[in-house]
Amino acid sequence: MVHVLSGRTLLQPLDPERSRVFYGEQLGLSVYREFGTGPERGTVYFLGGGFLEVSGRSETPPSPAVRLWMQVADVAAAHDELRAKGVEIVRAPVKEPWGLIEMWIADPDGTRIVLVEVPADHPLRYRPGI
C-alpha cells in the first residue's frame, strides 16, 4: 500500500508570471515555498489541506478536464473581493440542488476553479445522529 504523506496539484501555465500574479495576488494564496530562478521558477502555494505548484511553462493550453475545487468560508465575500481585483467570474454564487454554494472563476489559462461554501447545516459539516 502506498502511504501518501502529502500531495499537490501541478500546473504548467502558458505564462508563469501571469499565473503567479493570479494565484498569489488576485486569489491571495499564501506561498509555501519557491524554488529555481527566472520566469519559469516554481512557486508552491498553500491550498487548504494540499498545495498548488505553479512551475515551468507549457506550450499548449490546459485540458478542460482539469479543474480546481477550493472550499472557502464565504463565497459571497470571495465574489466581491475577486470581482474588485478584476478576476473573471465565470458564474456568480449559486446555491446548488445538493446544498453547496458554488461560484466558478477561471485562471489566466482558462483552468476552471470552483469556490465552494459548505453551509453549517449541510451534511458535509453536520450529520445529526452520527
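Described in the following lines is the structure provided in the data block. None of these values were measured; they are calculated from a predicted model.

## Notes on the side chain of T43
Looking at the secondary structure, you find T43 in strand 3 (residues 42–47). Sequence-distant contacts of T43, defined by excluding residues within four places in its chain, comprise R20, V31, R33, E34, F35, L52, E53 and V54.

## A short note on the sheet that holds strand 7 (residues 101–106)
Taken together, the 4 strands give an open sheet; going across it, the order is 5-8-7-6, and neighbouring strands pair in mixed fashion. Each having just a single partner strand, strand 5 (67–71) and strand 6 (89–95) make up the two edges of the open sheet. Strand-to-strand twist in this sheet, taken as the mean axis angle between neighbours without regard to direction, amounts to 15°. Where strand 7 meets strand 8 (residues 112–117), 6 bridges bridge the pair, whose relative direction is antiparallel. Residue pairing for strand 8: W104 is matched across the bridge by V114.

Calculation notes
- Residues numbered from 1 in each chain as written.
- Predicted model: local features only at pLDDT ≥ 70, side-chain atom pairs only at ≥ 80, totals over all residues.
- Heavy atoms only, no water.
- Helix = DSSP H or I, 4+ residues; strand = E, 2+ residues; numbered from the N terminus.
- Contact = heavy atoms within 4.5 Å.
- Pairing = 2+ DSSP bridges.
- Axes fitted to C-alpha atoms, helices over the stretch in contact; angles between N-to-C directions.

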